[in-house]
Amino acid sequence: MFTSASRLRRAGLIGAAAVAGSALILRDPAAASSGGPALDAVRQRIAEAKGVVPSRSAHEAALVSSTSANPLDILVIGGGATGCGVALDAATRGLRVGLVEREDFSSGTSSRSTKLIHGGVRYLEKAVFNLDYGQLRLVFHALEERKQVIDNAPHLCHVLPCMTPCFNWFEVLYYWVGLKFYDLVAGARLLHLSRYYSADESVEQFPTLARKGNGRNLKGTVVYYDGQMNDARLNVGLACTAALAGAAVLNHAEVISFLKDEPSGRIIGARIRDNLSGREFDAHAKVVVNAAGPFCDSVRKMADDNLKPVIAPSSGVHIVLPDYYSPEGMGLIVPKTKDGRVVFMLPWLGRTIAGTTDSDTVITMLPEPHEDEIQFILDAICDYLNVKVRRTDVLSAWSGIRPLAKDPSAKNTESISRDHVVFEDYPGLVTITGGKWTTYRSMAEDAVDAAIKSGHLMPGNECITNKLRIIGGDGWDQAYFTVLAQEYVRMKRTYKGKVVPGVMDTTSAKHLSRSYGTLAEAVALIAQDENLGKRLAHGYPFLEAEVAYCARNEYCESAVDFIARRSRLAFLDTDAANRALPRIIEILATEHKWDKTRRKVETQKAKAFLETFKSSKNAQFHDGKHS
């Protein structure tokens with residue numbers, strides 16, 4: 001977001017940059033390649049599968065069967081957005097692909113994002129006022145990818161208006177001009193035109209917005225549009241789509257060492273440990289792609305301990321508040337708080353998400369938010385609301401690690417890139433890192449291109465992921481939930497064991513439609529036919545049937561997999577997730593045939609995981625203050 005109203009006197013540069021940049025408007029989507037027979041074949045394969053993915057054991061067998069004489073084309077390390085994007089891209093080009101992830105798909109940074117699909121409006125100010133062509137090109141690229149993410153996963157993504165409050169007429173003009181330029185840069189990828197709302201109109205749209213405070217009077221707001229997503233479910237959808245396209249994807253499988261060709265020293269595969277069974281095996285590949293996010297340096301050091309780090313980790317903390325803090329269809333973004341940071345409040349899955357911080361951090365598997373970071377967010381949003389913001393209202397709080405990257409090939413090694421970098425600093429190991437969720441698809445395309453060059457691979461066709469919808473997206477529309485509401489009921493067992501029918505209410509139907517797309521009917525059928533129609537937690541639409549469905553069709557292998565990634569209960573309400581755990585583990589135990597020991601282990605792991613989410617119940621106090 002534009003951050004300095006004092007620079008408005010230079011706004012004439014905006015017009016000049018607009019004219020100069022008009023030639024940069026990226027290709028019209030209608031002019032892009034249709035993908036041809038390759039795209040049609042992949043679409044048909046996905047449609048015929050009807051969401052039924054190959055078993056986890058089948059994927060492991062495919063990895064084990066790769067040998068030095070018959071290797072995979074590409075082995076991907078990392079099951080986040082970029083890693084799963086690489087697997088999908090490579091598989092749809094006709095390459096033999098494997099992917100391994102130490103924890104679960106989207107278990108790291110990709111599930112802990114801001115949930116926005118954005119073009120980087122903040123970088124636009126740098127582009128204009130610093131006459132930085134590179135920043136302008138970055139914004140153009142992100143805006144093109146923003147629209148593609150929304151188009152390719154319409155059930156998991158939607159357009160969200162974001163309101164910026166203005167407390168003097170100078171700010172009104174500044175933000176209005178800047179955001180109109182943002183619209184112009186979007187070109188054919190524009191979501192909706194930005195506009196100005198008066199103070200009265202703004203409060204009507206956002207009732208908790210303060211008209212007065214800190215000696216200021218609200219003059220109005222400028223509203224612009226970006227995208228919002230269910231990040232972890234989108235990531236899981238990518239993994240499952242890659243599986244249906246032919247990739248062997250294996251979560252809870254860790255690379256413990258690399259295989260190297262003795263004469264040349266080139267990496268030719270990896271030694272992998274299945275963390276569920278403890279089994280170890282070798283997987284051979286012509287090229288290994290390192291897409292491990294914040295952990296990519298540790299992967300690189302497995303190849304050569306002398307390689308210099310490229311990751312500068314940054315911590316981003318978010319909190320979740322009740323829905324009454326923000327209206328359902330409008331976000332609030334403050335581009336400059338008292339200390340110069342950006343803060344936002346966005347409606348998300350029936351609650352309010354607020355954040356974020358941006359501070360140096362150490363890399364850890366389970367980052368935790370510090371109490372002072374949570375308090376900073378609460379204090380910052382309190383300045384703009386007419387209601388008291390209480391620490392006791394924090395339903396969940398989490399921290400994510402942004403893998404900001406230093407390009408090892410750049411002349412200035414101190415520069416940190418907000419864009420992604422792709423490089424091969426060890427033979428056979430291509431690393432992709434940096435970037436952001438919005439550009440995951442093009443990041444994956446660049447990584448696959450680099451892998452093809454490194455391994456002299458022979459793909460059957462060019463990249464087609466710009467036109468490929470993930471599973472559940474084809475044939476879906478906004479009214480799809482009505483099919484579920486009209487044609488299915490929810491059968492549920494009472495605490496006495498009786499089975500009672502319940503309606504497929506609108507809230508449940510919309511939730512299933514928005515989470516699973518056209519595959520939601522399979523979940524509704526389980527709820528109806530297997531008496532799993534009860535809600536898992538009071539006040540939330542998640543159904544028991546989803547646990548069974550995800551265990552069968554989405555590689556949900558643990559209780560944490562479900563509460564954090566297949567559903568978003570841990571992120572929405574830590575205490576509700578805790579209360580739902582016994583039933584979730586009971587259903588997973590039935591699906592995966594767990595014994596009592598495994599059930600106990602799952603309970604312990606899930607509770608330890610939830611302790612890292614600092615809800616009000618998990619807050620620490622000392623002498624009346626948070627510690």
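Provided above is the structure to which this section pertains.
It should be emphasised that the depicted structure is a prediction, and the values quoted were computed from it without experimental measurement. (Residues numbered from 1 in each chain as written. Predicted model: local features only at pLDDT ≥ 70, side-chain atom pairs only at ≥ 80, totals over all residues. Heavy atoms only, no water.)

Inspection of every chain in the model, using the stated rule, returns 35 salt bridges. Across the salt bridge formed by Asp200 and Arg211, the nearest N and O atoms sit 2.5 Å from each other. Of this pair, Asp200 sits in helix H8 (residues 199–205) while Arg211 sits in the loop between H8 and strand S6 (212–213), and the two are eleven residues apart along the sequence. We note a salt bridge from Glu424 to Arg266, for which the minimum N-O separation is 3.9 Å. Of this pair, Glu424 sits in strand S19 (residues 420–426) while Arg266 sits in the loop between strand S10 (253–260) and strand S11 (267–274); the two residues are 158 residues apart in sequence, bridging distant segments of the chain. A relative accessible area of 36% means that Glu424 is categorised as partly exposed. In this structure, a network of salt bridges that share partners links the residues Glu254, Arg271, Arg273, Glu280 and Asp282. (Salt bridge = Lys/Arg side-chain N within 4 Å of Asp/Glu carboxyl O. Helix = DSSP H or I, 4+ residues; strand = E, 2+ residues; numbered from the N terminus. Buried < 20%, exposed > 50% of the residue type's maximum accessible area, 1.4 Å probe, protein only.)

Let's shift gears to the nonpolar core. As a rule of thumb, soluble globular proteins bury nonpolar side chains together. Formed by 172 residues in total, the largest nonpolar core has its most connected members in Cys157, Leu234, Ile319, Leu484 and Ile563. It is helix H19 (residues 574–592) that contributes the most residues to this core, nine residues altogether. Apart from residues lying up to four places away in sequence, Ile563 is in contact with Arg568, Leu569, Ala570, Leu581, Ile584, Ala606, Phe609 and Leu610. Counting 28 residues, the second largest nonpolar core, distinct from the first, contains Val100, Ala253, Ala303 and Tyr426. (Core = buried A, V, L, I, M, F, W, Y, C linked by side-chain atoms within 4.5 Å. Contact = heavy atoms within 4.5 Å.)

Below, the discussion takes up the pairing of strand S8 (residues 220–229). Successive residues of a regular strand alternate their side chains across the two faces of the sheet. Taking burial as the measure, the ten residues of S8 include ten buried ones, the bulk of the element. Inspection of the sheet shows strand S3 (residues 116–117) paired to S8 by two bridges, in the antiparallel sense. Residue pairing for S8: Leu116 is matched across the bridge by Gln228. Note: strand S4 (residues 157–166) against S8, ten bridges, orientation antiparallel. Across the sheet, residue Val159 finds its bridge partner in S8, namely Gly227. (Pairing = 2+ DSSP bridges.)

Using the criterion set out here, one finds ten aromatic pairs in the structure. With a centroid separation of 5.6 Å and 75 degrees between ring planes, the pair formed by Tyr174 and Tyr175 is classed as edge-to-face. An identical accessibility class is assigned to Tyr174 and Tyr175; each is buried. Where Tyr182 meets Tyr224, the ring centres are 5.9 Å apart and the plane angle is 80 degrees; that geometry is what we call edge-to-face. Taken as a pair, Tyr182 in helix H7 (residues 169–186) and Tyr224 in strand S8 lie far apart in primary sequence, 42 residues in all. Members of the aromatic cluster, joined through ring pairs, are Trp398, Phe571, Phe609 and Phe613. (Phe/Tyr/Trp six-rings, centres within 6.5 Å; stacked < 30°, edge-to-face > 60°.)

What follows concerns the packing of helix H4 (residues 81–92) against helix H9 (residues 231–244). It is at 9 Å that the axes of H4 and H9 come closest, and there the two elements cross at 25 degrees. Considering their axes alone, H4 and H9 lie roughly parallel with respect to each other. Here H4 runs over H9; the crossing is left-handed. Along its contact with H4, which presents Ala81, Cys84, Ala87, Leu88 and Ala91, the element H9 presents Asn235, Leu238, Ala239, Thr241 and Ala242. For the contact of H4 with H9, a count of residues per class yields eight nonpolar, two polar and no charged. (Axes fitted to C-alpha atoms, helices over the stretch in contact; angles between N-to-C directions. Parallel < 35°, antiparallel > 145°, perpendicular 65-115°, else oblique. Left-handed = near helix turned anticlockwise from the far one by under 90°. Nonpolar A, V, L, I, M, F, W, Y, C, P; charged D, E, K, R; others polar.)

We now examine the environment of Arg56. You can see Arg56 is positioned in helix H3 (residues 56–64). Owing to a relative accessible area of 13%, Arg56 belongs among the buried residues under this scheme. On a C-alpha basis, the gap between Arg56 and Tyr555 in space is 6.9 Å, while along the polypeptide they are 499 residues apart. In contact with Arg56, not counting residues within four places along its chain, are Leu250, Asn251, His252, Asp274, Leu276, Tyr555 and Glu557.

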